Amino acid sequence: MASRPKAFGLTAEVNAKIAKKYEISREQEALRWIEAVLGDRTLFQGVEGEEATHDRLKDGVILCELMNAITPGAIRKINRRPMPFLMMENIGAFLDACKEYGVNSHDTFQTVDLYERQNMVNVITGIYSLGRKAQANGYYGPALGPREAQQNRRSFTEDQLVQGRTTIGLQMGSNKGANQSGMNFGKSRFILD
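Residues numbered from 1 in each chain as written. Predicted model: local features only at pLDDT ≥ 70, side-chain atom pairs only at ≥ 80, totals over all residues. Heavy atoms only, no water.

(A) Quick look at the environment of Thr42. Along the chain, Thr42 turns up in the loop between helix 2 (24-38) and helix 3 (50-57). For Thr42 and Arg32, which are ten residues apart along the polypeptide, the C-alpha to C-alpha distance reads 9.6 Å. (Helix = DSSP H or I, 4+ residues; strand = E, 2+ residues; numbered from the N terminus.)

(B) Local environment of helix 3. Taken together, the buried positions of helix 3 are occupied by Thr53, His54 and Leu57. An end-on view of helix 3 places all buried positions within 100° of arc, on one side of the element. Exposed positions of helix 3 whose direction lies more than 90 degrees from the buried face are Glu51 and Asp55. For helix 3, the secondary structure elements touched by its buried residues are helix 2, helix 4 (61-70), helix 6 (111-115) and helix 7 (120-136). (Buried < 20%, exposed > 50% of the residue type's maximum accessible area, 1.4 Å probe, protein only. Arc of directions from axis to C-beta. Contact = heavy atoms within 4.5 Å.)

(C) Quick peek at the nonpolar core. The biggest cluster of nonpolar side chains holds 39 residues, and the ones touching the most others in it are Trp33, Phe94, Ile127 and Leu130. Of all the secondary-structure elements, those providing two or more residues to this core are helix 2, helix 4, helix 5 (84-101), helix 6 and helix 7. Ranked by residue count, the leading element in this core is helix 7, at eight residues. Other than its neighbours up to four places away in sequence, Trp33 contacts Leu66, Ile70, Ile127, Leu130, Gly131, Pro142, Ala143 and Leu144. (Core = buried A, V, L, I, M, F, W, Y, C linked by side-chain atoms within 4.5 Å.)

(D) Structural context of the packing of aromatic side chains. Counted by the stated rule, this structure contains one aromatic pair. The ring of Tyr128 has Arg26 sitting right over it, with the charged end atom 4.0 Å from the ring centre. (Phe/Tyr/Trp six-rings, centres within 6.5 Å; stacked < 30°, edge-to-face > 60°. Lys NZ or Arg CZ within 6 Å of the ring centre and 35° of its normal.)

(E) Molecular detail of unusual backbone geometry. Located in the positive-phi region is Arg117, a residue other than glycine, with phi close to 55°. Summarising the element assignment, Arg117 is placed in the loop between helix 6 and helix 7. A relative accessible area of 30% places Arg117 in the partly exposed class.

(F) How the structure looks around the confidence of the model for the chain. When pLDDT is averaged along the chain, the result is 87; 88% of the residues meet or exceed 70. The lowest-confidence element of the chain is helix 1 (residues 9-21), averaging 83 in pLDDT; the highest-confidence one is helix 4, averaging 96. (pLDDT = per-residue confidence, 0-100.)

(G) Main features of the pattern of salt bridges. Applying the stated criterion across every chain, the model contains six salt bridges. When the shortest N-O distance is used, the salt bridge between Arg117 and Glu50 registers 4.0 Å. Within this pair, whereas Arg117 is found in the loop between helix 6 and helix 7, its partner Glu50 is found in helix 3, the two being separated by 67 residues in sequence. Asp107 is the partner of Arg132 in a salt bridge, and the nearest nitrogen-oxygen pair spans 3.8 Å. Taken together, the positions of Arg132 in helix 7 and Asp107 in the loop between helix 5 and helix 6 put the pair 25 residues apart, joining distant regions of the chain. On the basis of relative accessible area, Arg132 is assigned to the partly exposed category, the value being 23%. On the basis of relative accessible area, Asp107 is assigned to the partly exposed category, the value being 21%. Via salt bridges that share partners, Glu50, Glu51 and Arg117 belong to a single interconnected network. (Salt bridge = Lys/Arg side-chain N within 4 Å of Asp/Glu carboxyl O.)

Below, the structure is given as structure tokens:
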């Protein structure tokens with residue numbers, strides 16, 4: 001991990017906001033889901049907190065194995081040697097596989113967020129996004145988070161569309177009884193003799 005100087009000013013404020021968003025309960029739920037998908041209940045035993053989670057996920061091996069468990073063969077080569085560029089390559093391969101799987105790019109994280117522990121909130125959110133997309137794509141294993149909304153297209157006949165244009169919806173209000181009697185703006189003016 002790169003040595004970064006202490007943040008001041010706006011950068012320190014942003015880092016403090018990010019740190020406040022980190023929730024241990026979401027982290028633990030995501031880690032338990034990974035354990036359930038991979039079938040190893042001892043994978044994150046004793047891991048709690050941002051730093052411990054970072055240390056366990058930093059090399060990207062577990063994330064690559066997770067993606068291969070959801071979609072077999074999604075990541076062909078997993079680097080297991082502890083070399084920085086290989087670790088970052090694993091994380092990048094995981095992120096690419098997530099995008100190919102259908103996870104929106106704005107729902108994932110960047111390699112630096114995990115490798116240099118810049119934003120672990122995004123990492124946990126990215127894992128949740130993968131869990132949500134797995135449910136939507138028909139993965140029948142353990143579920144994480146709420147189910148992703150399905151598209152619900154509606155089709156109307158031309159007669160129904162014409163009828164809808166003639167009706168004033170209740171959201172638009174009503175003009176019945178509208179007048180300006182009794183309306184006063186500001187203080188009335190007094191003229192003295």
